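Here are the chains, one letter per residue:
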Amino acid sequence: MPEYLVKENALADFFRELTQDRRLLTPQGQGENCRLEETDPSKVSLEYTNTHKSPKECFFPQTEKLLAFSKEADKPHPNEYRDLGDKAVATVIFGLRPCDARGLCVADKVFQNDRFTDPYWKGKYEKTLKIGLACLNPSPQCFCAAMGGSPFGEAGLDVLAYPRDKGLGLKTLTEAGEALIKTTKAEPGDLKSEIADLEKKAIEAQGPIDHFVAINERKIMELYKAPHWPTTAEPCLGCGVCTFFCPTCHCFDIQDEANERGGIRMRNWDTCMSALFTQHGSGHNPRPSKTERIRQRFMHKLKYIPIKQDGVRGCTGCGRCVVMCPANIDIRSVAALMAQTQAS
Ligand code: SF4
Ligand code: SF4
């Protein structure tokens with residue numbers, strides 16, 4: 001697929017052109033306040049480490065109405081469910097970091113697979129074109145390369161962009177991405193060797209984290225019984241921040257809110273770090289303490305998802321949980337303990 005250039009003086013027009021038949025979400029704001037929002041194309045931020053929240057909320061909102069129902073006899077369909085799904089509008093997201101685009105691929109396999117399709121996710125996911133923004137200077141908490149990705153990774157994207165002379169370099173990755181860029185005035189260019197050099201430098205800047213590679217996904221039971229889980233879990237507050245901000249975490253709870261006239265069915269993010277998450281109606285809880293819950297989170301990321309998804313890990317190295325955990329529980333250190341357990 002070819003490459004293109006957008007010069008500095010053409011940047012605002014480029015973003016306007018992307019909105020022709022679509023809603024455009026772009027990074028707005030700097031630092032910790034950077035968010036993907038539908039706002040002024042002339043104020044797109046190219047200077048950010050990553051968006052505060054992961055882009056999963058564009059497809060799997062924190063709270064989502066699944067359906068509504070009415071019990072009133074004079075309504076056209078009394079006592080019938082009315083589907084509120086499939087209201088997705090055509091969208092372009094510009095500025096997904098490659099770690100987050102990979103995270104969406106992991107979640108997509110949960111919401112769409114050979115046994116099940118979630119219509120709410122599918123409607124939004126299939127109507128969205130994704131333009132990534134490569135990382136020239138990964139931050140200290142980033143470790144995408146250790147997780148099989150790259151600061152210039154292409155998985156899950158239609159186009160990969162990178163900042164270039166206050167404008168953009170672009171590499172189209174899918175036919176839909178190529179068609180989208182063709183609707184703009186981006187100029188053709190030959191950027192292959194430049195992209196290869198920049199990618200090499202960005203990967204070197206992250207440094208190696210070999211213990212992730214050392215974990216053997218197939219040896220489950222020895223990790224399940226590893227002695228470090230109680231001490232790893234000790235500082236955890238059970239707040240769930242690590243899961244809510246993670247681009248691959250996808251657990252939810254469904255609740256009905258109703259009165260005598262009808263009601264709605266809601267889907268809300270849930271977290272395996274909460275004791276209630278696995279509490280049975282009988283009162284029994286198969287994960288009664290922090291030890292079992294912490295073990296579940298890391299085993300899910302680093303063992304169960306790789307087994308289900310042909311070696312692809314449930315962590316893409318975005319670093320959000322590293323930065324945001326109030327108890328300073330760091331997945332890189334936990335992975336080192338897991339690797340040590342297997343090596344001993
Ligand atoms: S963010 Fe940290 S303290 Fe909160 S649930 Fe996750 S591991 Fe525990
Ligand atoms: S586990 Fe942490 S570092 Fe890995 S993808 Fe999730 S939030 Fe990012």
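Per-chain numbering applies: the sequence of each chain, read as written, is numbered from 1 onward. In the order they appear in the text, chains get letters beginning with A and ligands get numbers beginning with 1. Under the rules for a predicted model, residues below a pLDDT of 70 receive no local features and side-chain atom pairs below 80 are neither given nor counted, while totals for whole chains, interfaces and linings still include all residues.

S.K.: How should I be thinking about the overall build of the protein chain in this particular structure?
M.R.: Here a strand is any run of E in DSSP of at least two residues, a helix any run of H or I of at least four, and the numbering for each starts at the N terminus. The helix and strand tally for the protein chain stands at 12 helices and 12 strands. Against the compact-globule benchmark of 20 Å for 344 residues, the protein chain has a radius of gyration of 22 Å, which places it among compact chains. Projected onto its principal axes, the C-alpha positions of the protein chain cover 70 × 65 × 35 Å. Here the protein chain, with 344 residues, has 34% of them falling under the buried criterion. A separation threshold of at least 6 residues defines the contact pool for the protein chain, and within that pool the share at least 24 residues apart is 70%. Using C-alpha atoms as the atom set, the radius of gyration is obtained and then compared with a globule rule of 2.2 Å times the number of residues to the power 0.38. To assign burial, the other C-beta atoms lying within 10 Å of each residue's own C-beta are counted, with C-beta atoms placed from the backbone; 20 or more indicates buried, 12 or fewer indicates exposed, and intermediate counts indicate partly exposed. Each residue is represented by a C-beta atom placed from its backbone, and any two residues with such atoms within 7 Å are regarded as in contact.

S.K.: What should I look at first to understand the site of ligand 2 in this one?
M.R.: By definition, a residue lies near a molecule or strand provided its backbone-derived C-beta atom is within 6 Å of it. Taken together, 15 residues surround ligand 2, and among them Cys246, Cys315, Cys318, Arg320 and Cys321 come closest. Nonpolar residues are Ala, Val, Leu, Ile, Met, Phe, Trp, Tyr, Cys and Pro. Charged residues are Asp, Glu, Lys and Arg, and all others, Gly as well, are polar. Its residues placed into classes, the shell around ligand 2 shows eight nonpolar, five polar and two charged.

S.K.: Please explain unusual backbone geometry as it appears in this structure.
M.R.: The general pattern is negative phi for most residues beyond glycine and trans for most peptide bonds. Look at Asp165: it is not a glycine, yet its phi comes out positive at around 50°. Asp165 gets classed as exposed once you count the C-beta atoms within 10 Å, which come to 10. Within the chain, Asn328 stands out as a residue other than glycine whose phi angle is a positive 60°. On the secondary structure map, Asn328 appears in the loop between α11 (320-324) and α12 (331-343). Classification of Asn328 by C-beta neighbours within 10 Å gives exposed; the count is 9.

S.K.: Quick question: what am I supposed to make of the environment of Gln342 here?
M.R.: On the secondary structure map, Gln342 appears in helix α12. Given 14 C-beta atoms within a 10 Å radius, Gln342 is considered partly exposed.

S.K.: Where do I start with the pairing of strand β11 (residues 252-259) in this structure?
M.R.: In the case of a regular strand, side chains alternate between the two sheet surfaces. When you tally the buried positions in β11, you get zero out of eight residues, a small fraction of the element. In textbook terms, the turn of a hairpin is the stretch between consecutive antiparallel strands, and for β11 and strand β12 (residues 262-269) this stretch comprises two residues. Two strands pair if DSSP finds at least two bridges between them.

S.K.: Explanation requested: the sheet that holds strand β9 (residues 167-172) in the structure shown.
M.R.: Two orientations exist for strands paired in a sheet by backbone hydrogen bonds: parallel and antiparallel. Taken in spatial order, the eight strands line up as β3-β2-β6-β7-β8-β9-β1-β10 in an open sheet, and their pairing is mixed. Only two strands of the sheet have a single partner each, and these edge strands are β3 (35-37) and β10 (187-189). Within the sheet, the average angular offset between the axes of one strand and its neighbour, ignoring direction, is 25°. Across three bridges, the pairing between strand β2 (residues 23-28) and strand β6 (residues 91-96) is parallel. Counterpart to Leu24 in the pairing with β6 is Val92. What counts as an axis is a line fitted to C-alpha atoms, over the stretch in contact for a helix, and the angles between N-to-C directions run from 0 to 180 degrees.

S.K.: How do you make sense of the site of ligand 1 when you look at a structure like this?
M.R.: The local shell around ligand 1 consists of Cys236, Leu237, Gly238, Cys239, Gly240, Val241, Cys242, Met273, Cys325, Pro326, Ala327 and Ile329. The residue inventory of the shell around ligand 1, partitioned by class, reads 10 nonpolar, two polar and no charged.

S.K.: Help me understand the environment of Glu154 in this model?
M.R.: Structurally, the position occupied by Glu154 is in the loop between β7 (128-133) and β8 (159-164). For the pair Glu154 and Ile195, spaced 41 residues apart in sequence, the C-alpha separation works out to 12 Å. In this view, Glu154 contacts Leu160 and Leu173; residues no more than four positions away in its chain are not counted.

S.K.: What's the story with the domain arrangement of the protein chain in this structure? I'm lost.
M.R.: The figure often quoted for interface size is the accessible area lost as the parts come together. What the domain assignment reports for the protein chain is domain 1 (3-208) and domain 2 (214-343). Annotation comment: domain bounds sourced from an automatic or database domain assignment. With centres defined by C-alpha atoms, the gap from domain 1 to domain 2 works out at 25 Å. Listed as interface residues are 35 residues of domain 1 and, on the opposing side, 29 residues of domain 2. Here the element with the most residues in the side of domain 1 that touches domain 2 is helix α2 (residues 98-111); it accounts for nine residues. Here the side of domain 1 that touches domain 2 is composed, by residue class, of 16 nonpolar, 10 polar and nine charged.

S.K.: How should the nonpolar core be read in this particular structure?
M.R.: Proteins that are soluble and globular tend to have nonpolar side chains buried together. Counting 64 residues, the largest nonpolar core has Val92, Ile93, Ile131, Val159, Ala161 and Leu170 as its most contacted members. In terms of residue count, α2 provides more of this core than any other element does, five residues in total. Per-domain counts for this core show at least three residues from each of domain 1 (3-208) and domain 2 (214-343). Leave out the neighbours within four places in its chain, and Val159 touches Ile131, Leu170, Lys171, Thr172, Leu173, Gly177, Leu180 and Ile181. In this description, a nonpolar core means buried residues of the types Ala, Val, Leu, Ile, Met, Phe, Trp, Tyr and Cys, linked to one another by C-beta atoms lying within 7 Å.

S.K.: Any chance you could explain helix α3 (residues 119-126) here in plain terms?
M.R.: Helical geometry: 3.6 residues make up each α-helical turn, so side chains three or four residues apart lie on a common side. When we look at burial in α3, the residues that qualify are Tyr120, Trp121, Lys124 and Tyr125. The buried residues of α3 occupy one face: seen down the axis, they fall within an arc of 115°. The reported arc concerns the directions from the helix axis to the C-beta atoms and nothing else.

S.K.: Please clarify how helix α10 (residues 290-308) should be interpreted in this entry.
M.R.: At any given residue, the bend is defined as the angle formed between two axes, one fitted to the seven residues that end at that position and one fitted to the seven that begin there. The principal kink in α10, of about 55°, is found at His300. When α10 is considered as a whole, its buried residues turn out to be Arg293, Ile294, Arg295, Arg297, Phe298, Lys301, Leu302, Lys303, Ile305 and Pro306. A positive backbone phi angle near 50° is found at Asp310, which sits one or two residues after α10.

S.K.: How do you make sense of the environment of Trp121 when you look at a structure like this?
M.R.: Here Trp121 shows up in helix α3. The buried category is assigned to Trp121, around which 22 C-beta atoms lie within 10 Å. Taking the C-alpha atoms as reference, Trp121 lies 9.2 Å from Cys58; in sequence the two are 63 residues apart.

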